[in-house]
Amino acid sequence: LLVTRGNDTAALNELIRKEEAVVSELNQIISYWDITANIFEYSKAKDGRFFQNACKVRQNASIPAEVLRYHILYTHYTISGQPELGLVQLEKLVQLLEQRPDYIRDDPGAYTTALNNQISSLVFMRRYETVQALLNKVKSVPEEYKLHSDSLFTIKLQLRTYNIELELYRDTRQWDKGHQLINEITAYLRKHRNAVSSEYLIQFWYQFAYIYFMRREYSAALKWVNELINTNFKTNRQDLQQYARLLNLMIHFEMGNTFVLKYAVDSTRRFLNTGPHGSC
């Protein structure tokens, strides 16, 4: 049995207190992860007071715990139809992280996810006036925090930002700005083709076709919609694959391609009835 006394006892007690604090913080993070993993079930089964109690502000909480806490509250308020309150949580999280640039350099994903969720929330609520400033902030992250421009994280960040920016221009019917951005995006896609997922290609190609269609540039619209239709994306984003085929019909109609349209209608009907694998 180890017997301690005097200064040794005080040092041991201090070590015990520190270890207890670490264990407590880990338990809190585990609790947050449990809520995060089951957030939809918790939201259905419990009222808002559960989340307010479970996610109370804690003194000296770690940054990882705070990131989870704010995201839980944001998600809860969003799926419960209170997007304004959800947006407040994201704003608080962004402010917290910007006070810790060292943390952003070590884990830029937490920061950029919060910014992109802010942008998505504002677009959803049609509050467009501050979206462009946030997009510019996201774009500046790699340079400001010294991230490698060709890292997988940076590429995915740029792809997501491009996608949100196109959605913004579509929602606000800024077809000229969307058209200008297409050239920049296609160059970026060519440069990083091996790092671009099928899901992003579907989203970009559909948006390209849609923007060209709205600009009445039907040949360019047809080029991108054919690119999407003729690529085997299997079950990825079947919603956009279906929309693309409907858009294809509209393009051929506007172009007066009556003969092609007859076969395109049959092909679209088969796809909508059977899906990409040919089975109901």
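Check the entry above for the structure.
Residues numbered from 1 in each chain as written. Predicted model: local features only at pLDDT ≥ 70, side-chain atom pairs only at ≥ 80, totals over all residues. Heavy atoms only, no water.

Student: Describe the overall build of the protein, with residues and values.
Tutor: When you go through the protein residue by residue, the secondary structure sums to 15 helices and zero strands. The C-alpha atoms of the protein give a radius of gyration of 25 Å, which is well past the 19 Å a tight globule of 280 residues would have. With the C-alpha coordinates of the protein rotated into their principal frame, the extents come out at 95 × 45 × 40 Å. Buried residues in the protein amount to 40% of all 280 residues. Surface exposure of the protein reaches about 16200 Å², of which carbon and sulfur atoms provide 52%. (Helix = DSSP H or I, 4+ residues; strand = E, 2+ residues; numbered from the N terminus. Rg over C-alpha atoms; globule rule 2.2 N^0.38 Å. Buried < 20%, exposed > 50% of the residue type's maximum accessible area, 1.4 Å probe, protein only. Areas by Shrake-Rupley, 256 points an atom, 1.4 Å probe, with all protein chains shown as cover.)

Student: Tell me what's going on with the nonpolar core, and back it up with residues and numbers.
Tutor: Ranked by internal contacts, the top residues of the largest apolar core, which has 62 residues, are L97, F204 and F208. Top contributing element to this core by residue count: helix 12 (residues 198-214), with 11 residues. Not counting chain neighbours up to four residues away, the residues in contact with L97 comprise I63, V67, Y103, I104, A110 and Y111. Counting residues in hydrophobic clusters, the runner-up holds 12 residues, among them Y32, I39, Y42 and Y77. (Core = buried A, V, L, I, M, F, W, Y, C linked by side-chain atoms within 4.5 Å. Contact = heavy atoms within 4.5 Å.)

Student: Explain empty space enclosed by the protein residue by residue, including any values.
Tutor: For the structure on display, the rule yields one cavity of 30 Å³ or more. Reported here for the largest cavity is a volume of approximately 30 Å³. As for the largest cavity, its lining consists of V138, K139, P142, T154, L157, Q158 and T161. For the lining of the largest cavity, the secondary structure elements donating two or more residues are helix 8 (131-139) and helix 10 (152-171). The dominant element in the lining of the largest cavity, judged by the number of residues it contributes, is helix 10, at four residues. Partitioning the lining of the largest cavity into residue classes produces three nonpolar, three polar and one charged. (1 Å grid on protein atoms, 1.4 Å probe; cavity = no way out; pocket = protein on both sides within 12 Å on 5 of 7 lines; lining within 4 Å. Points joined across faces, edges and corners; volume = space filled by probe spheres on them. Nonpolar A, V, L, I, M, F, W, Y, C, P; charged D, E, K, R; others polar.)

Student: I'd like a description of a nonpolar patch on the surface, backed by residues and values.
Tutor: Taken together, the side chains of L12, L15 and I16 present a nonpolar region at the surface, about 240 Å² in accessible area. Here L15 shows up in helix 1 (residues 7-37). (Patch = residues over 30% accessible without salt bridge, like charges linked within 9 Å, V, L, I, M, F, W, Y side chains within 5 Å. Salt bridge = Lys/Arg side-chain N within 4 Å of Asp/Glu carboxyl O.)

Student: Lay out the packing of helix 4 (residues 63-79) against helix 5 (residues 83-98) with the relevant residues and their values.
Tutor: The N-to-C vectors of helix 4 and helix 5 enclose an angle of 165°; their axes lie 7 Å apart at closest approach. Taken as axis vectors, helix 4 and helix 5 run roughly antiparallel relative to one another. The hand of the helix 4/helix 5 crossing is left-handed. Contacts between helix 4 and helix 5 involve I63, E66, V67, Y70, H71, L73, Y74 and Y77 from the former and P83, L85, G86, Q89, L90, K92, L93, L96 and L97 from the latter. Across the contact of helix 4 with helix 5, the residue classes break down as 12 nonpolar, three polar and two charged. (Axes fitted to C-alpha atoms, helices over the stretch in contact; angles between N-to-C directions. Parallel < 35°, antiparallel > 145°, perpendicular 65-115°, else oblique. Left-handed = near helix turned anticlockwise from the far one by under 90°.)

Student: Help me get a handle on unusual backbone geometry, residues and values and all.
Tutor: Unusually for a residue other than glycine, R173 sits at a positive phi of about 60°. Residue classification places R173 among the exposed residues on the basis of a relative accessible area of 55%. One non-glycine residue, R237, adopts positive backbone phi at about 40°. Residue position: R237 is located in the loop between helix 13 (218-229) and helix 14 (238-255). The exposure class of R237 is partly exposed, given its relative accessible area of 26%.

Student: Tell me what's going on with the environment of E19, and back it up with residues and numbers.
Tutor: With respect to the helices, strands and loops of the structure, E19 is situated in helix 1. On a C-alpha basis, the gap between E19 and Y218 in space is 66 Å, while along the polypeptide they are 199 residues apart.

Student: Account for the packing of aromatic side chains, naming residues and giving values.
Tutor: For the structure shown, the criterion picks out 14 aromatic pairs. Here F208 and W224 contribute two aromatic rings whose centre-to-centre distance is 5.0 Å and whose plane-to-plane angle is 75°, an arrangement assigned as edge-to-face. On the criterion of sequence distance, the pair formed by F208 in helix 12 and W224 in helix 13 is long-range, its members being 16 residues apart. The exposure class of F208 is buried, given its relative accessible area of 0%. Counting every residue linked through ring pairs, the aromatic cluster contains Y200, F204, W205, F208, W224 and F233. Above the face of the Y70 ring, R69 is positioned so that its terminal group lies 4.5 Å from the ring centre. (Phe/Tyr/Trp six-rings, centres within 6.5 Å; stacked < 30°, edge-to-face > 60°. Lys NZ or Arg CZ within 6 Å of the ring centre and 35° of its normal.)

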